[in-house]
Amino acid sequence: MSELKNKVVWITGASSGIGQALAFAMVKEGAKLVLSSRREQELNEVAKKCSCEVLILPLDLSDQSKFNNLAKQVVEHFGSIDVLINNGGISQRSEAAQTSLEVDRKLMEVNYFGAAALTKAVLPIMQKQKSGHLVAISSLSGKFGFFLRSAYSASKFALVGFYESLRLEEEKNNIKVSIVFPGFVHTNISQNALSGDGQKHAKLDNNQKGGISSEKCARDIIRGIKKDKHEIISGGSEKWGILVNRLFPNLFYRILRKKSGE
Ligand SMILES: NC(=O)c1ccc[n+]([C@@H]2O[C@H](COP(=O)([O-])OP(=O)(O)OC[C@H]3O[C@@H](n4cnc5c(N)ncnc54)[C@H](OP(=O)(O)O)[C@@H]3O)[C@@H](O)[C@H]2O)c1
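None of the values given here were measured: they were computed from a predicted structure.

Calculation rules
- Residues numbered from 1 in each chain as written.
- Predicted model: local features only at pLDDT ≥ 70, side-chain atom pairs only at ≥ 80, totals over all residues.
- Heavy atoms only, no water.
- Helix = DSSP H or I, 4+ residues; strand = E, 2+ residues; numbered from the N terminus.
- Rg over C-alpha atoms; globule rule 2.2 N^0.38 Å.
- Contact = heavy atoms within 4.5 Å.
- Areas by Shrake-Rupley, 256 points an atom, 1.4 Å probe, with all protein chains shown as cover.
- Lys, Arg positive; Asp, Glu negative; His and termini not counted.
- Charge placed at Lys NZ, Arg CZ, Asp CG, Glu CD.
- Axes fitted to C-alpha atoms, helices over the stretch in contact; angles between N-to-C directions.
- Parallel < 35°, antiparallel > 145°, perpendicular 65-115°, else oblique.
- Left-handed = near helix turned anticlockwise from the far one by under 90°.
- pLDDT = per-residue confidence, 0-100.
- Near = heavy atom within 4 Å.
- Polar contact = N/O pair within 3.5 Å; in protein donor to acceptor, adjacent residues only side chain to side chain.
- Nonpolar A, V, L, I, M, F, W, Y, C, P; charged D, E, K, R; others polar.
- Buried < 20%, exposed > 50% of the residue type's maximum accessible area, 1.4 Å probe, protein only.
- Pairing = 2+ DSSP bridges.
- Patch = residues over 30% accessible without salt bridge, like charges linked within 9 Å, V, L, I, M, F, W, Y side chains within 5 Å.
- Salt bridge = Lys/Arg side-chain N within 4 Å of Asp/Glu carboxyl O.
- Phe/Tyr/Trp six-rings, centres within 6.5 Å; stacked < 30°, edge-to-face > 60°.

## Concerning the overall build of the chain
Here is step 1: Helix and strand content of the chain: 10 helices and seven strands.
Here is step 2: In summary, the chain has a C-alpha radius of gyration of 18 Å against a globular reference of 18 Å for 262 residues, a match within 12%.
Here is step 3: Summarising its shape, the C-alpha atoms of the chain cover approximately 50 × 40 × 30 Å along the three principal directions.
Here is step 4: Across the chain, every contact between residues at least 6 apart in sequence was considered, and the portion connecting residues at least 24 apart equals 68%.
Here is step 5: Entry remark: accessible area of the chain is about 12400 Å², with carbon and sulfur atoms responsible for 51%.
Here is step 6: Computing the positive centroid from 37 side-chain charges and the negative centroid from 26, the chain places the two 5 Å apart.

See the structure below:
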């Protein structure tokens, strides 16, 4: 069991939803926090509610040029980086046939390349420390495709391939890797999701409305990190889809066909 007390935990997407809930839950664990996302004002609001040492580092996951410099700033400030939680991301609500390639690329840029680039900026620091824990927030859509999620699902599958390879390679440096597969979580993810033309979907979908709270998801993630779990699954009854898909793929697709992507 790994302890998080006094550990330096860097969370992306910390301005809302799961990332914000993770920040508050990490305070209870006694961690020191680095909070990132694009909206500095919202990060400041989150930091005000955190009774611990906080460094705010605004960043855009689609602009990876500053990541090495940001990682250096964390080490200058705190002396180490113990946990990086690649949580920031956007979703999609459009059929593949109606989705422009620009939207496909945007999803990959933010969800996949953003996380991969930040991880590569942090990796030499963790290798030198001979310790660290990398966490990637994938999705149930990183286990199986779903309606209106072609680009999103592709970006979340990509994360799985990247971090599973990394786990094998970095074991020798005592760097751990956990991949998180949330189901439906009640956050702003559907409001912020992109339609096929790049406009915001701007709707709270029924799936999210009926989802678990971001606080419950954060608790599941932290429990999984502390137990060094390779895979952390968090959600309501939809999470059983992983098992049903593996054991009874035909039945699974009969069930999935009747579901709505919204
Ligand atoms: N909610 C769900 O049902 C669900 C299910 C499975 C997986 N997930 C995953 O969980 C993660 C968190 O999502 P959420 O549900 O908490 O949604 P959310 O409330 O919309 O939060 C998304 C976070 O990502 C940040 N972000 C978005 N684009 C960014 C960019 N270009 N650069 C930097 N930060 C960016 C946002 O901050 P700024 O706007 O300030 O940049 C925000 O803090 C995502 O990776 C999502 O795919 C969510």
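Read on for the rest.
## Comments concerning the packing of helix α3 (residues 67–78) against helix α4 (residues 101–129)
A pair of packed helices is captured by two measures, namely the crossing angle of their axes and the spacing between those axes.
Here is step 1: Across the interface, α3 lies against α4 with an axial gap of 9 Å and an inter-helix angle of 45 degrees. Here α3 lies oblique to α4, going by the angle between them. As for how α3 packs across α4, the hand of that crossing is right-handed. Seen from α3, the contacting residues are Phe67, Asn68, Ala71 and Val75; seen from α4, they are Gly114, Ala117, Leu118, Ala121, Val122 and Ile125.

## Re the confidence of the model for the chain
Here is step 1: In this model, the chain carries a mean pLDDT of 97, and residues with pLDDT of at least 70 account for 100%.
Here is step 2: The lowest-confidence element of the chain is helix α7 (residues 206–209), averaging 94 in pLDDT; the highest-confidence one is strand β1 (residues 8–12), averaging 99.

## Some remarks on the site of the ligand
Here is step 1: The immediate surroundings of the ligand are formed by 31 residues, with Ser16, Arg38, Asn87, Tyr152 and Thr187 found nearest.
Here is step 2: Here an oxygen atom of the ligand sits 3.2 Å away from a polar atom, N or O, in the main chain of glycine 89.
Here is step 3: Within the backbone of glycine 183, an N or O atom sits 3.4 Å from an oxygen atom of the ligand.
Here is step 4: Alone, the ligand offers 880 Å² of accessible surface; in the complex the protein occludes 97% of this.
Here is step 5: Mapped onto the shell around the ligand, the elements with two or more residues apiece are α1 (17–29), α5 (150–170) and α6 (189–192).
Here is step 6: Tallied by class, the residues present in the shell around the ligand amount to 12 nonpolar, 15 polar and four charged.

## Some remarks on the pairing of strand β7 (residues 231–234)
Here is step 1: Residues Ile232 and Ser234 of β7 are buried on one face, while the alternating residues Glu231 and Ile233, pointing to the opposite face, are not.
Here is step 2: As paired elements, strand β6 (residues 175–182) and β7 share four bridges and run parallel to each other. Residue pairing across strands places valine 180 opposite isoleucine 232, the latter belonging to β7.

## Quick notes on a nonpolar patch on the surface
Here is step 1: Together, Trp240, Leu243, Leu247, Phe248, Leu251 and Ile255 make up an exposed nonpolar region whose accessible area comes to about 600 Å².
Here is step 2: Contributing elements (two or more residues each) for the nonpolar patch: α9 (241–247) and α10 (249–257).

## A word on the pattern of salt bridges
Here is step 1: Throughout the structure, instances matching the rule amount to 10 salt bridges.
Here is step 2: Taking the shortest distance from any N to any O, the salt bridge between glutamate 29 and lysine 226 comes out at 2.9 Å. One end of the pair, glutamate 29, is in helix α1; the other, lysine 226, is in helix α8 (residues 214–226), with 197 residues separating them in the sequence.
Here is step 3: Of the residues examined, glutamate 29 reaches a relative accessible area of 22% and is grouped as partly exposed.

## Brief notes about the packing of α1 against α8
Here is step 1: Two elements in contact, α1 and α8, have axes whose closest approach is 8 Å; the angle formed by their N-to-C orientations is 55 degrees. In terms of axis orientation, α1 runs oblique to α8. Considering how the two elements wind past one another, α1 and α8 form a crossing that is right-handed. Contacts between α1 and α8 involve Gly17, Ile18, Ala21, Leu22, Ala25, Met26 and Glu29 from the first element and Ser214, Glu215, Cys217, Ala218, Ile221, Ile222, Ile225 and Lys226 from the second.
Here is step 2: Taken together, the residues of the contact of α1 with α8 sort by class into 10 nonpolar, two polar and three charged.

## Topic: the packing of aromatic side chains
Here is step 1: Throughout the structure, instances matching the rule amount to seven aromatic pairs.
Here is step 2: Measuring from centroid to centroid gives 6.0 Å for tyrosine 112 and phenylalanine 162, while their planes differ by 80 degrees, and the two rings are edge-to-face. On the criterion of sequence distance, the pair formed by tyrosine 112 in helix α4 and phenylalanine 162 in helix α5 is long-range, its members being 50 residues apart. Phenylalanine 162 carries the same exposure label as tyrosine 112, and that label is buried.
Here is step 3: Taking the centre distance of 6.1 Å and the plane angle of 55 degrees together, the rings of phenylalanine 146 and phenylalanine 147 count as tilted.
Here is step 4: In this structure phenylalanine 146 comes out as buried when scored by relative accessible area, which is 16%.
Here is step 5: One aromatic cluster is present, built from ring pairs that chain together Tyr112, Phe113, Phe162 and Tyr163.

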